[in-house]
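Residue-level structural notes
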Amino acid sequence: MTAYPGPSLLTLACSLLLFACTAYVGRCRIKFAIKAPATSGHPQFEIAYRIQMNTLENTVAFLPVLWVFALNTSEFWATLLGSAWWLARVWYALAYARDPKTRGAGFGLSMLCFAALGLGGAWGVLRGLLG
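The shown structure was predicted, so the numbers you read here are calculated from the model rather than taken from an experiment.

Further remarks concern the pattern of salt bridges. Scanning the entire structure with this criterion turns up 1 salt bridge. As a salt-bridge pair, Arg50 and Glu57 come within 3.7 Å of each other at their nearest N and O atoms. Accessibility expressed as a relative area gives 45% for Glu57, which makes it partly exposed.

Here we take up unusual backbone geometry. With omega at 10°, the peptide bond leading from Ala36 into Pro37 counts as cis. Among the structural elements, Pro37 can be located in the loop between α1 (5-31) and α2 (43-72). The phi dihedral of Ala33 is positive, around 55°, even though this residue is not glycine. In this fold, Ala33 is placed in the loop between α1 and α2.

The subject of this paragraph is the nonpolar core. Of all hydrophobic cores here, the largest spans 13 residues; its most connected members are Tyr24, Cys28, Phe45, Ala48, Ile51 and Tyr96. Those elements giving two or more residues to this core turn out to be α1, α2 and α3 (75-98). Of all the elements, α1 adds the most residues to this core, at 5 residues. Apart from residues no more than four positions distant in its own chain, Ile51 is found in contact with Cys21, Tyr24, Ala93, Tyr96 and Ala97. Formed by 11 residues, the second largest nonpolar core is a distinct cluster that contains Ala70, Trp85, Cys113 and Leu117.

Our next topic: the packing of α2 against helix α4 (residues 104-130). The contact between α2 and α4 brings their axes to 8 Å, and the two run at 35°. Handedness of the α2/α4 crossing: left-handed. On the side of α2, the interface is formed by Asn54, Asn58, Ala61, Phe62, Val65, Leu66, Val68, Phe69 and Asn72, while α4 contributes Phe107, Met111, Phe114, Ala116, Leu117, Gly118, Gly120, Gly121, Gly124, Val125 and Arg127.

Let us look at the side chain of Ser74. Tracing the backbone through its elements, the reader meets Ser74 in the loop between α2 and α3. Among the residues examined, Ser74 registers a relative accessible area of 17% and is labelled buried. A polar side-chain atom of Ser74 sits 3.0 Å from the main-chain amide nitrogen of Trp77.

Parameters at a glance
- Residues numbered from 1 in each chain as written.
- Predicted model: local features only at pLDDT ≥ 70, side-chain atom pairs only at ≥ 80, totals over all residues.
- Heavy atoms only, no water.
- Salt bridge = Lys/Arg side-chain N within 4 Å of Asp/Glu carboxyl O.
- Buried < 20%, exposed > 50% of the residue type's maximum accessible area, 1.4 Å probe, protein only.
- Helix = DSSP H or I, 4+ residues; strand = E, 2+ residues; numbered from the N terminus.
- Core = buried A, V, L, I, M, F, W, Y, C linked by side-chain atoms within 4.5 Å.
- Contact = heavy atoms within 4.5 Å.
- Axes fitted to C-alpha atoms, helices over the stretch in contact; angles between N-to-C directions.
- Left-handed = near helix turned anticlockwise from the far one by under 90°.
- Polar contact = N/O pair within 3.5 Å; in protein donor to acceptor, adjacent residues only side chain to side chain.

This is the structure in structure tokens:
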């Protein structure tokens, strides 16, 4: 069996990032007295909730392209692009929490990394099918 330590660590890092986002929402729920199942209230709680949901939505799309790229194109480049994606998502979350208007750069970089992984993964699969 071939080991894929880079993508494996990134998968674990994504779980940690999702947990951190969930914890932030929980802290905001307590701080601003937002009772479940409410998903609105204080603006900072709504920001925390959007950070969590956007990160979750993006992670669900990211993990398959990370692994398709790693398995069919390059583990090294999957790890490099995936690490850049992960760091960009952390940047996005921190910027959004500070001032929602500043979240764009982190989001944009994560989308570029996602696109590179998706296109590169598709190229690797097609190359395998045709070669």
